[in-house]
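# Structure assessment
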Amino acid sequence: MLKQLFRKKSIALIMRDKAAGYSDAENVTGLHRVLKVKDLTLMGIAAVVGAGIFSTIGNASFQGGPGVSLLFVITAVTCGFSALCYAEFASRIPVSGSAYTYAYASFGELVAWIIGWDLLMEYAIGNIAVAISWSEYFTNLLEGFNIHVPAYLTMDYLSASRAHTEIVAAGPDLTQISEKVKFAAQAWATAPGSGNLKLIADIPALGIVFLITWLVYIGIRETKKATNAMVFLKIAVVIFIVIVGFFYVNPANWDPFLPNGFGGMMKGVSGVFFAYIGFDAISTTAEECENPQRDLPKGMIYSLIICTILYILIALVLTGMVNFSELQVEDPLAFVFKRVGLDKISYIISISAVIATASVLLIFQMGQPRIWMSMSRDGLLPRRFSSIHPKYKTPAFATVVTGFVVAIPALFMNLTEVTDLTSIGTLFAFVLVCAGVLLLPKEQLADRNQKRFRIPYINSKYIVPALFIIGVILLWAPITTLFVYNGDWHTYKNKIPYFLFIIAAAIMSYLSFTKSLTLIPVLGLLSCLYLMTELGYTNWLRFLIWLVLGLIIYFSYGYHKSRLGKEIEP
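This section reports on the structure supplied with the text. Small disclaimer: the values here were computed from a predicted structure and weren't measured.

Rules used in this analysis
Residues numbered from 1 in each chain as written. Predicted model: local features only at pLDDT ≥ 70, side-chain atom pairs only at ≥ 80, totals over all residues. Heavy atoms only, no water. Helix = DSSP H or I, 4+ residues; strand = E, 2+ residues; numbered from the N terminus. Buried < 20%, exposed > 50% of the residue type's maximum accessible area, 1.4 Å probe, protein only. Contact = heavy atoms within 4.5 Å. Axes fitted to C-alpha atoms, helices over the stretch in contact; angles between N-to-C directions. Parallel < 35°, antiparallel > 145°, perpendicular 65-115°, else oblique. Nonpolar A, V, L, I, M, F, W, Y, C, P; charged D, E, K, R; others polar. Phe/Tyr/Trp six-rings, centres within 6.5 Å; stacked < 30°, edge-to-face > 60°. Lys NZ or Arg CZ within 6 Å of the ring centre and 35° of its normal. Expected span 1.5 Å × (residues − 1).

Within the protein chain, the regular secondary structure consists of 26 helices and two strands. The buried share among the 570 residues of the protein chain stands at 58%. In the protein chain, once contacts between residues fewer than 6 apart in sequence are set aside, the share between residues at least 24 apart is 84%.

See the structure below:
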């Protein structure tokens, strides 16, 4: 049985299945091939420049001060290693399954299922977070035009309930209660219903998910046109913000550059990484690219470089206009311009935030159905999920299911609850993609002569072990503290993920020395794993619960229905 769990799908078989389509729509075997490098680059920017630059960057700046710009560089380098690994896979296996398909070829079926299940969580939870963010920006924009939506129709039940409890506990003295909590408590007080049964739901979030789902459903051409238009607009706004904000920068606000030290800066890793997730969604469009082996790698790398530059400039302007200690707000860009008296620019920012987050939702909502489709082709999900619409040439059923999977939780879930879970799921996917490159079979001579993107080979034999030894020497003091238990389990449990990283780093150092592994995937694997350790015990626990649920589904359905398993059985 163990051998069957790790049965691998050869690249030749993957390409043959893609050509066959495995769709239950008659006479339909393919998707529209309309995407070029420009479109893929813009889709990458659409996926990355969104809620992060308009929202989570504020809390990250509050934690790390001006030094958050360094965190963007660190995260970009980490994503860059992963992007190169994605590009290697995308050029060698140009199909829609993204990391799921790549894992099937390198690790085998069980790990492929795990990463596919993980990607479903990443895209779904990420979309829920983006939909909630979009709702906040949209309702704030309406307020600017004196259009008031009842509070209980603009937020989740959990936030309103918690705010009500906090207000009651505070009694008559509300001086320590934030305006956001007061607003949420008002939603609870004014919502129709009685007792704990109240009608509180995020209706704008529901509306935008259904609108985006419809756009994705009717075709890739329409999605491409909408994405390109939104990206050009939001890039123009970001550049405008940087230029105008530069004249209001006070260099004194950049001193100290790391007010809370390196550890304080790393506390913002979840928010910063959340700003970067999505560039991998481009790989799900492989079957809709004119030349995926050439264009996909370029689109991923170009979009990552452009977004990193924009993020660093925004972070420096943001922390230069006001002191970092004031930036723990939901809409940091609008806040800093109001702070310097430029209220009208804050309206422009609100409009661009609505557009930017909608474009992120569009790319994520396009990516997830293509993961469903690929898993369905392999028999791990019902065949219905791989059906392609005869007119629109999109994975129709999977797109509709995705709409409901995102829209319904977006009515009730809290933004804080989902951001960290999205980041850990994405990082896990990156870890497996980087590791998968190391396990890919060697190319045949005919394939080696083919023009496509290849990760440059750099021998890690001495580099990785040397980095490991240097790291242990420099960080010996904090490493020793991991073994000190002071009786406070609530604090100590967050140190557990660091043990996993140290063990993994030691193993990869040994393998690098003995196997002469190529350097870039090894650095990508270790850097992503380190960022995962920064997300804490609670998020690891939630993530593991999700994976266990996925394994239950796999062993009760996917294992028995696997097409590859049926082909091997005789």
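That shown, we press on.
Below, the discussion takes up the packing of helix α20 (residues 463–474) against helix α24 (residues 519–533). Running from amino to carboxyl end, α20 crosses α24 at an angle of 30°, the nearest separation of the two axes being 10 Å. Comparing the axis directions of α20 and α24 gives the class roughly parallel. Contacts from I463, V464 and L467 of α20 reach α24 at L519, V522, L523 and L526. Along the lines of polarity and charge, the residues of the contact of α20 with α24 split into seven nonpolar, no polar and no charged.

The next thing to look at is the packing of helix α5 (residues 68–92) against helix α14 (residues 292–321). Where α5 contacts α14, the axes come no closer than 9 Å and their chain directions differ by 175°. Considered as vectors, α5 and α14 are oriented roughly antiparallel to each other. Across the contact of α5 with α14, the residue classes tally to 20 nonpolar, five polar and no charged.

What follows concerns helix α6 (residues 99–106). Counting buried residues in α6 gives eight out of eight residues, a clear majority hidden from the surface. Among all positions in α6, only A99, Y100, T101, Y102, A103, Y104, A105 and S106 are buried. One or two steps after α6, the chain reaches G108, where phi turns positive at roughly 120°.

The next subject is the packing of aromatic side chains. Inspection of the entire model under this criterion finds 17 aromatic pairs. Summarising the aromatic geometry, the rings of F72 and Y311 are spaced 5.0 Å apart at their centres and angled 15° between planes, so their arrangement reads as stacked. Within this pair, whereas F72 is found in helix α5, its partner Y311 is found in helix α14, the two being separated by 239 residues in sequence. Side by side, F72 and Y311 carry an identical accessibility label, which is buried. Site record: aromatic cluster; members linked through ring pairs are W113, W117, W546, Y554, F555 and Y559. Positioned over the ring face of F513 is K461, at 4.4 Å from the centre of the ring.

Let's shift gears to unusual backbone geometry. Non-glycine residue S516 carries a positive phi angle of around 55°. Along the chain, S516 falls in the loop between α23 (496–515) and α24.

Glancing now at helix α10 (residues 203–218). Over its 16 residues, α10 runs 23 Å from end to end, which matches the ideal 22 Å to within 8%, given 1.5 Å per residue. For α10, the complete set of buried residues consists of P204, A205, I208, V209, I212, T213, L215, V216 and I218.

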